[in-house]
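As a plain string of letters, each chain reads:
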Amino acid sequence: MQTTMRTAARTLLIAITVALATASVGASSASARTVSQYRIEGRGWGHGIGMSQYGAQGYALKGMTGPEIIQHYFSGTVVAPRPANGPKNVRVRLKDGLQTARLQMTSAGVVSQGPASMAVVPGDVLTIRIASGALQVTRTRSGVPSQTLASTAGVDPVVTPSTDGGVKILFDTTYPQSGTAFRGTITAHVDGGKVSIVNSVPFEDYVRGVVPDEMPPSWHAEALKAQAIAARSYALRGLRTGSYYDLYPDTRSQVYGGMDAEETSSDFAVAATSNLVARVGSATGEVAQTFFFSTSAGRTATNEDIWGSSPLS
């Protein structure tokens, strides 16, 4: 969704030279020129709508709490528990358009596809590709022959580790040790004739993987709490319907780094605001659209001013 907070604010410097000429009345004339230089400084990064993250940090340093920061930037909202009928898990499409996907187990577990299943242990590598129109999973284990799971057309294989975070996605096949760990389960799906990888993860664990990738985890605890509330609200407003996944792992939704992104400070902020969102008007109102961005230099804008769309709550 947002311009990620790893980017620093930029400074705009403009030098303007102004020439002023005057002419005398009559036959004789003379001109005078005055040269002046003006330094105009401005700062800002992002779309300017909703919560300024640097602003949240500034307000936190001045003593405001996370909920107070949210209510400052999203006027008319109340910080309250999210709707009880909201999803317990969210499905994040980590990668799509793959010819082959590779996963590595760091714990024991099982990979299942319809009625077929296969046990996995730490160190096993699972290779997933499309064969004869169906997804095919092959397990490679050191010292033993590879084994392929009996595939069923139209059925997605699911990898369920016995330990939370016990599976890594090997996005870079050149350096298999550079995999990223994700909590929950991993599902492979055929999309456009290619392999997509989806992480089904408990909602609060999803937020744990978002906050430190959208705001520096070294920032003030109350700023991180505001980010957690905003991220939770934004995810609920952005859930896709009628699809095999709910959210993207990047700025099309929010930047989500999985288990490897988690930090103690941001985990604390997520836990301290557990299930809290911004709601419009009252504790039972609709979940607010909590856009956020990097730096505003003290002034934000409405979505209709920037994007020309209808006003959003």
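Everything quoted here is computed from the prediction, not taken from an experiment.

Chemist: Any chance you could explain the pattern of salt bridges here in plain terms?
Modeler: Side chains that differ in charge, positive against negative, can pair when their charged atoms come close. Enumeration over the complete set of coordinates arrives at 13 salt bridges. Between R141 and D124 there is a salt bridge whose closest N-O contact spans 2.9 Å. Within this pair, whereas R141 is found in strand 10 (residues 134-141), its partner D124 is found in the loop between strand 8 (116-120) and strand 9 (125-131), the two being separated by 17 residues in sequence. Of the residues examined, D124 reaches a relative accessible area of 0% and is grouped as buried. Taken together, the shared-partner salt bridges in this structure form one network comprising D164, R183, D205, R208, E262 and D267.

Chemist: Is there a simple way to think about the sheet that holds strand 10 in this case?
Modeler: Within a sheet, neighbouring strands are paired by backbone hydrogen bonds and run either parallel or antiparallel to one another. Pairing in this open sheet of six strands is antiparallel, and the strands run 11-10-9-6-13-14 from one edge to the other. The sheet is open, and its two edges are formed by strand 11 (144-148) and strand 14 (180-182), each paired on a single side. Sheet twist, expressed as the mean angle between neighbouring strand axes with direction ignored, is 30 degrees. Two strands pair when backbone bridges link them, and strand 13 (residues 167-169) and strand 14 are joined in this way by three bridges, in the antiparallel orientation. Its bridge partner lying in strand 14, I169 is registered against T180.

Chemist: Just to check I follow, could you spell out the environment of S265 for this structure?
Modeler: Its place among the elements puts S265 in helix 5 (residues 264-272). Along the chain, S265 and S218 lie 47 residues apart, while their C-alpha atoms are 7.2 Å from each other.

Chemist: Help me out: how do you make sense of the packing of helix 1 (residues 53-61) against helix 2 (residues 66-73) in this one?
Modeler: Working note: a packed helix pair is described by the angle between its axes plus the distance between those axes. At a minimum axis separation of 10 Å, helix 1 and helix 2 run at an interaxial angle of 130 degrees. As far as their axial angle goes, helix 2 and helix 1 are oblique. Considering the relative orientation of helix 1 and helix 2, their crossing is right-handed. In this structure, helix 1 contributes G55, A56, Y59 and A60 to the contact, and helix 2 contributes I69, H72 and Y73. Looking at the contact of helix 1 with helix 2 residue by residue, the class counts come to five nonpolar, two polar and no charged.

Chemist: Would you take a moment to explain helix 2 for this structure?
Modeler: Count 3.6 residues to each turn of an α-helix, and residues three or four apart come out pointing the same way. Regarding helix 2, the residues found buried are G66, I69, I70 and Y73. Within helix 2, the buried residues cover an arc of 100 degrees as seen down the axis, which keeps them to one side. Contact partners of the buried residues in helix 2: strand 3 (51-52), helix 1, strand 4 (77-81), helix 4 (221-237) and strand 17 (276-280).

Reading guide: rules and limits
Residues numbered from 1 in each chain as written. Predicted model: local features only at pLDDT ≥ 70, side-chain atom pairs only at ≥ 80, totals over all residues. Heavy atoms only, no water. Salt bridge = Lys/Arg side-chain N within 4 Å of Asp/Glu carboxyl O. Helix = DSSP H or I, 4+ residues; strand = E, 2+ residues; numbered from the N terminus. Buried < 20%, exposed > 50% of the residue type's maximum accessible area, 1.4 Å probe, protein only. Pairing = 2+ DSSP bridges. Axes fitted to C-alpha atoms, helices over the stretch in contact; angles between N-to-C directions. Parallel < 35°, antiparallel > 145°, perpendicular 65-115°, else oblique. Left-handed = near helix turned anticlockwise from the far one by under 90°. Contact = heavy atoms within 4.5 Å. Nonpolar A, V, L, I, M, F, W, Y, C, P; charged D, E, K, R; others polar. Arc of directions from axis to C-beta.

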